[in-house]
Amino acid sequence: YKLSVAPEMDIMEYCRKEWRGNTPVAKRMRKGYEAVHQKFASIRRVRGDNYCALRATLFQALSQATQLPSWLQSEDFTMLPENLLSKYDWIKQWQLKEKLGRKMGEISDEIKEYLILLRKKWKNISEIKSPTEKQEACDKLFKNEEEEYSLYEALKFLMLNTAIELYNDDKHGRRVPVFSWLLFARDTSSNPCQLMCNHLNHIGHSGGLEQVEMFLLAYALQYTIQVYRLYKYSTDEFITLYPNDPEEDWPVVTLITEDDRHYNIPVRMCQETML
């Protein structure tokens with residue numbers, strides 16, 4: 001099996017290998033990596049398919065997990081597919097991992113399995129006390145393609161559920177975060193059904209996550225996703241938070257991107273920044 005998240009490598013060594021030239025872009029990237037290096041010593045490369053934003057975020061969340069998030073503990077968590085399918089017939093068009101033409105019942109059973117797997121893996125990894133063993137458990141999980149891709153399906157379904165909640169909240173005059181308006185202001189996703197058909201169904205196959213979907217992922221996981229966007233170095237978007245007004249009690253995961261398409265993972269916080 002190839003590991004979806006490569007072993008760690010010194011961040012400046014990686015930068016020197018990737019950005020040798022003297023073009024303005026190379027100079028900016030090097031400056032960006034230097035800034036990240038003040039906080040993190042190493043980088044782990046994430047496999048570059050269209051799942052990489054989900055992969056990098058989930059890997060970081062599990063690597064740091066010390067408890068099961070409250071939304072994963074709720075009784076009706078695994079009933080989500082059944083409950084949503086009973087209200088929204090169009091969810092039958094959900095595209096499961098490369099297997100088309102399923103019957104209605106199968107969809108809800110299969111997604112339920114993915115959600116159960118997500119809860120089980122999160123629980124097991126969060127209970128491991130030793131950082132080294134925790135890391136080994138994460139590496140092992142991200143070597144198992146069958147399980148890994150099942151977890152991404154679970155995340156995508158949670159994103160759909162979150163989108164439906166936000167859409168309904170807005171329709172009923174409740175306050176919603178700004179990104180929710182932007183999400184549904186797109187011609188291709190003016191409602192959750194379109195979001196599913198034109199965006200979520202394609203994630204991992206023909207497209208990755210767009211910026212506004214990074215907000216949706218953050219809300220679905222109730223995590224703040226902090227991203228060093230290297231090509232934005234020396235602007236106020238260099239470090240971007242999804243969401244930009246995070247809840248106080250949400251844990252934070254950190255990613256690095258050179259182009260808002262592919263994400264890698266910074267690891268090993270430098271000692272002084274941990275204090």
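Cut-off values and rules
Counting restarts for each chain, with residues numbered from 1 along the sequence as it is written. Side-chain atom pairs in this predicted model are given and counted only at pLDDT of 80 or more, local residue features only at pLDDT of at least 70, and totals for whole chains, interfaces and linings cover all residues. Remark: hydrogens and water are excluded; side-chain values derive from all non-hydrogen atoms of the structure. Numbering of helices and strands starts at the N terminus; helices are DSSP runs of H or I of at least 4 residues and strands are runs of E of at least 2. As a rule, the C-alpha atoms of each element are fitted with a line to give its axis, helices using only the stretch in contact, and angles between N-to-C directions run from 0 to 180 degrees. Definitions for this section: a left-handed crossing has its near helix turned counterclockwise from the far helix by less than a right angle. A right-handed crossing has that turn clockwise. In this analysis, two residues are considered to be in contact whenever any of their non-hydrogen atoms come within 4.5 Å of each other. Definition used in this section: a nonpolar core is a set of buried Ala, Val, Leu, Ile, Met, Phe, Trp, Tyr and Cys residues joined via side-chain atoms within 4.5 Å. For the exposure calls, accessible area comes from a 1.4 Å probe over protein chains only, and a residue counts as buried if that area is under 20% of its type's maximum, exposed if over 50%, partly exposed in between. Any two strands with at least two DSSP bridges between them are considered paired.

### A few points about the environment of E146
Assignment of secondary structure puts E146 in helix 8 (residues 145–171). Once the C-alpha coordinates of E146 and M29 are considered, the two residues, 117 residues apart in sequence, prove to be 35 Å apart.

### Digging into the packing of helix 3 (residues 52–64) against helix 11 (residues 211–221)
The interhelical angle for the contact between helix 3 and helix 11, taken along N-to-C directions, is 35°, at an axis separation of 12 Å. You can see that helix 3 and helix 11 cross each other, and the crossing is right-handed. Here helix 3 contributes A53, L54 and T57 to the contact with helix 11, which in turn contributes M214, L217 and L221.

### Focus on the nonpolar core
Counting 76 residues, the largest nonpolar core has I91, W94, L118 and W122 as the members making the most contacts within it. The biggest single contributor to this core is helix 8, with 13 residues. Apart from residues no more than four positions distant in its own chain, I91 is found in contact with L84, L85, I107, F157, L160, I164 and M196. Counting residues in each nonpolar core, the second largest holds 15 residues, with I11, W19, L230 and I256 among its members.

### Digging into the sheet that holds strand 4 (residues 239–242)
The 6 strands are arranged 1-2-6-5-3-4 in an open sheet whose pairing can be described as mixed. For this open sheet the edge positions go to strand 1 (9–10) and strand 4, each flanked by a neighbour on one side alone. Taken together, the 4 bridges between strand 3 (residues 224–229) and strand 4 define a ladder with antiparallel strand orientation. Across the sheet, the residue bridging to Y228 is I239, located in strand 4. Against the sheet, helix 3 touches strand 2 (40–44), strand 3, strand 5 (252–257) and strand 6 (263–269), its axis set at about 140° to strand 5.

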